[in-house]
There are 2 protein chains.
Amino acid sequence: MAAPAMAAMNSVSLLRGPLSLRALHFIRISNPVPRNPLFRAPFHFRRVSSSVSAISDEEAAARAAAVNADSGAPTIFDKIISKEIPSTIVYEDEAVLAFRDISPQAPVHVLVIPKLRDGLTELGKAEKRHEEILGRLLYAAKIVAEKEGIIDGFRVVVNSGPSACQSVYHLHLHVLGGRQMKWPPG
Amino acid sequence: MAAPAMAAMNSVSLLRGPLSLRALHFIRISNPVPRNPLFRAPFHFRRVSSSVSAISDEEAAARAAAVNADSGAPTIFDKIISKEIPSTIVYEDEAVLAFRDISPQAPVHVLVIPKLRDGLTELGKAEKRHEEILGRLLYAAKIVAEKEGIIDGFRVVVNSGPSACQSVYHLHLHVLGGRQMKWPPG
C-alpha cells in the first residue's frame, strides 16, 4: 500500500478506532486499492473470511459507526475538507464540498457535504435553522449531476442512522448515476 | 374495486393516459388494493402476464412517464394537493405536503412534495432560486421521520429522470424506514 494511504490510515485510526479503516473507502488515494468490497473490512478479517458479503459488511460498519454518532468527534470528512487527506473534488464552494466516493455503487458516485458540520451529524439531527444549508446541499447535488454528465438521470440518497447504512456521522448526500438505478432503493 | 378508486382512476386517465393508472400507487384509497406489484400495470396487461417483475415494471413506467416530463402538464400530485384525490397526509405546512406512498417499499414510506411545483418537475431542473424550497423539503423529511417514529434510522431518496426510476414529474422526496435498508441503494 502506498505510504500516503498508510499515513492516512494511521491518523484516521486515532479518531475512530478499527472502523476508521473502512471509512477510507470515501477517499481516493494515490495508489488506488482494487475495488474489492472486502477492502472495507479490517485486514485480519479479510484474510480469514472471504465469504462475508459487501452488504452485511456495510450494515455492520454502519452499526459500529453509530456507537460514537453523538460524540461530536471529528470524522474522516474533516480531513478531507482540510485537504489533509486527498480526494477527487467534483465541486466546491464556500459552504459545500463534493468529492468522489472511492467505493462507488454506480459509474458516478459523489458525496456532497457541508464544510461546516454544525451539529448535522445526521439528517435526523437537523433543526429548522439548517434549512438553508440543506437547500444548498440538494442544489449542489444537481450541480454535481450536471458536471458529471448525468443530469438526465441521477438518484440522491441520504442515510440517517445505522438502519439506513450511515457510516460517517457528518451529513452527506450520495449522488449516483450512469446506470439504470433499481427499485426499491436498497 | 371501490367506486371512489374507480372515479379517481377515470379522472387521472384524463391527465396521463395508460400510465396514469400506475400513478395511483401513490395514493391511499378507501378500499385499499392488495399490494401486488402488478397493480401498477394496466389491467389488460395484468391478465395476460403474471411473470413481469415489479422492478422492470418500475423502470418501464419511469421511461414512459419521462416522455411528457417537460410538458408542464399537471400530474397526479396536483389532485392530491387539492385533496381531489384522497391521500394519507403525514405532514403539511404552507409550502410542503407529505403523504404515504400506497406502494410502500418499507414499513414507512412517505412522499414529500412542494405544493407549488414552480418548474421543479425533477431535481435536475432545479435552479439557484429553488434552494429555499429544497431546504424546506429536506427538513420536512426529518419532521416526517420524527412523526413516523423512525428518526433513529431512515433513508431519503430523490429520483431524477427515468434511469433513476422517477415516475411522476413533480419533484418528490421518498422517506423510507422501519426496516434495515440495504446497500447499494438500488
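Residues numbered from 1 in each chain as written. Chains lettered and ligands numbered in written order. Predicted model: local features only at pLDDT ≥ 70, side-chain atom pairs only at ≥ 80, totals over all residues. Heavy atoms only, no water.

Per the UniProt annotation, the sites labelled "domain: HIT" (unreviewed entry) are residues 76-186 of chain A. As a span, residues 76-186 of chain A carries 21% helix and 25% strand, and end to end its C-alpha atoms are 24 Å apart. (UniProt positions renumbered as here; feature names shortened; annotations may be inferred. Helix = DSSP H or I, 4+ residues; strand = E, 2+ residues; numbered from the N terminus.)

Facing 43 residues of chain A, the contacting portion of chain B comprises 43 residues. At the boundary of chain A with chain B, total buried surface from both sides reaches about 4300 Å², with 60% on carbon and sulfur atoms. Broken down residue by residue, the surface that chain A buries against chain B is led by A:Leu138, A:Tyr139 and A:Trp183, which jointly contribute 18%. For the interface between chain A and chain B, the tally reads two salt bridges. Between B:Lys182 and A:Glu59 there is a salt bridge; the shortest N-O distance is 3.0 Å. Every element with two or more residues in the side of chain A that touches chain B is listed here: helix 4 (54-66), helix 6 (131-147), strand 4 (154-160) and strand 5 (173-177) of chain A. Classifying every residue of the side of chain A that touches chain B gives 19 nonpolar, 12 polar and 12 charged. For strand 4 of chain A and strand 4 (residues 154-160) of chain B, the ladder comprises seven bridges, and the chain directions are antiparallel. Each bridged residue has a counterpart across the sheet, and for A:Val156 the counterpart in strand 4 of chain B is B:Val158. (Contact = heavy atoms within 4.5 Å. Buried area = accessible area lost by both parts, 1.4 Å probe. Salt bridge = Lys/Arg side-chain N within 4 Å of Asp/Glu carboxyl O. Nonpolar A, V, L, I, M, F, W, Y, C, P; charged D, E, K, R; others polar. Pairing = 2+ DSSP bridges.)

With antiparallel pairing, the 10 strands of this open sheet are ordered in space as 1(A)-2(A)-3(A)-5(A)-4(A)-4(B)-5(B)-3(B)-2(B)-1(B). Where the open sheet ends on each side, the last strands, each with one partner, are strand 1 (89-92) of chain A together with strand 1 (89-92) of chain B. Neighbour-to-neighbour, the strand axes of the sheet open up by a mean angle of 20°, direction not taken into account. Both strand 3 (residues 108-114) of chain B and strand 5 (residues 173-177) of chain B contribute to a ladder of five bridges, which runs antiparallel. From the neighbouring strand, B:Leu111 faces strand 5 of chain B, where its bridge partner is B:His174. The strands touched by helix 6 of chain A within the sheet are strand 1, strand 2 (96-100), strand 3 (108-114), strand 4 and strand 5 of chain A, with strand 3 of chain A carrying the most contacts at an inclination of about 155°. Packing of helix 6 (residues 131-147) of chain B onto the sheet brings it into contact with strand 1, strand 2 (96-100), strand 3, strand 4 and strand 5 of chain B, and relative to strand 3 of chain B it is tilted by some 155°. (Axes fitted to C-alpha atoms, helices over the stretch in contact; angles between N-to-C directions.)

Of the two same-sequence chains, chain A is brought onto chain B (RMSD 0.0 Å, axial shift 0.0 Å) by a rotation of 180°. Put plainly, the chains are arranged around a two-fold axis. By C-alpha distance to the rotation axis, the residue of chain A lying nearest is A:Gly135, at 1.8 Å. A shared binding surface is used by both copies, with 100% of the interface residues of chain A retained as interface residues in chain B. (Least-squares fit on C-alpha atoms with pLDDT ≥ 70 in both.)

Residues and elements named next belong to chain A. Summarising the model, chain A shows a mean pLDDT of 78, and 70% of its residues fall at 70 or more. Within the model, the stretch residues 1-53 combines pLDDT values under 50 with 86 contacts to residues more than four positions away or in other chains. Model confidence for the complex: the whole-complex pTM is 0.75, and ipTM, which rates the interface, is 0.75. (pLDDT = per-residue confidence, 0-100.)

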